[in-house]
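Examining the three-dimensional arrangement
Listed below, chain by chain, are the residues.
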Amino acid sequence: MFFAIIVAAGRGERVNSVTPKQYLPLLGKPILAHTLDIFEKSPWIGEIIVVINPLHEEIFKKEVWERYGYRKVKKYISGGETRQESVYGGVREVKNRGDDFVLIHDGVRPLVDEKILERCVEGVIKFEAVCCAMPCVDTIKCSLNGEVIDETLDRQKIWRAQTPQAFRISLIWEALERAKEEGFQGTDDSSLVERMGKPVRLVLGSEDNLKITTPQDLILAEELLRWRKK
Ligand code: C5P
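Structure report, in brief. (Residues numbered from 1 in each chain as written. Predicted model: local features only at pLDDT ≥ 70, side-chain atom pairs only at ≥ 80, totals over all residues. Heavy atoms only, no water.)

Among the seven residues in strand 1 (residues 2-8), seven count as buried, and that is most of the element. The alternating pattern of strand 1 places Phe 2, Ala 4, Ile 6 and Ala 8 on one face and Phe 3, Ile 5 and Val 7 on the opposite face, and all of these are buried. Here strand 1 pairs with strand 4 (residues 45-52) via seven bridges, running parallel. In the strand pairing of strand 4, Ile 5 is matched with Ile 49. Pairing geometry for strand 1 and strand 6 (residues 101-106), over six bridges, is parallel. Paired with Val 7 across the two strands is Asp 106, which belongs to strand 6. (Buried < 20%, exposed > 50% of the residue type's maximum accessible area, 1.4 Å probe, protein only. Helix = DSSP H or I, 4+ residues; strand = E, 2+ residues; numbered from the N terminus. Pairing = 2+ DSSP bridges.)

The structure is reproduced here in structure tokens:
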């Protein structure tokens, strides 16, 4: 069985709006609801755990949970201070439900699609840990002080990590526990598995699968959704 954990517990303040960004509308529907739609419709996904910020419970219940009545979202839980803590809470919910697989996805990536989910599912069955990513088209500079370039990285080797990232549940649980014990905070889930020396396979994401962060992203996402509906 494949579980999905959708993390949406961030404060969501970076887009300068009163409504937290994960609840801002795209073509009239909250970003988080667009994201949940994809997982709800996917034949691969058996159950969805949504991790929310307790401060947003009202808006989540009214605008998402009750309005769209997702069948696969059996429950929602409160997240933590960091994304990693939110993921920890989500994985704790599924870890005693059999040693199956989990897809972990950012609630603010509403343009994920069924093909990406399929690549993650097929990959994780074979390899136990996969990270959806895109090759890098820009040249990446490294600067320690933010003023002078120290190094130009070889772009052939650079991949931009996205979500979903998918894992065998026992593996990501061990990685989360270990990171917690050792006080390590990663910016994604795959890095926790990598630091245990376990291989994580790359699977192709998509250029559309953006993480809505800035007001410009909202415009772009809305346009892409409009395009998809044509
Ligand atoms: O922090 P970042 O913008 O990378 O967040 C990616 C996803 O993680 C968002 O969907 C956000 O709501 C979620 N998150 C969370 N708990 C936090 C921080 C972020 O679930 N404490």
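Under the criterion given, the structure shown has six aromatic pairs. Summarising the aromatic geometry, the rings of Phe 2 and Phe 101 are spaced 5.4 Å apart at their centres and angled 20° between planes, so their arrangement reads as stacked. Taken together, the positions of Phe 2 in strand 1 and Phe 101 in strand 6 put the pair 99 residues apart, joining distant regions of the chain. For the pair formed by Phe 2 and Phe 101, the shared burial category is buried. Here the aromatic rings of Phe 60 and Trp 65 are separated by 6.2 Å at their centres, their planes lie at 40°, and the arrangement is tilted. Looking at Phe 60, the relative accessible area reads 0%, which means it is buried. Members of the aromatic cluster, each reached through a chain of ring pairs, are Phe 60, Trp 65 and Tyr 76. The ring of Phe 184 carries the charged tip of Arg 195 above its face, separated from the ring centre by 4.3 Å. (Phe/Tyr/Trp six-rings, centres within 6.5 Å; stacked < 30°, edge-to-face > 60°. Lys NZ or Arg CZ within 6 Å of the ring centre and 35° of its normal.)

Keep in mind these numbers describe shape, not what the thing actually does.
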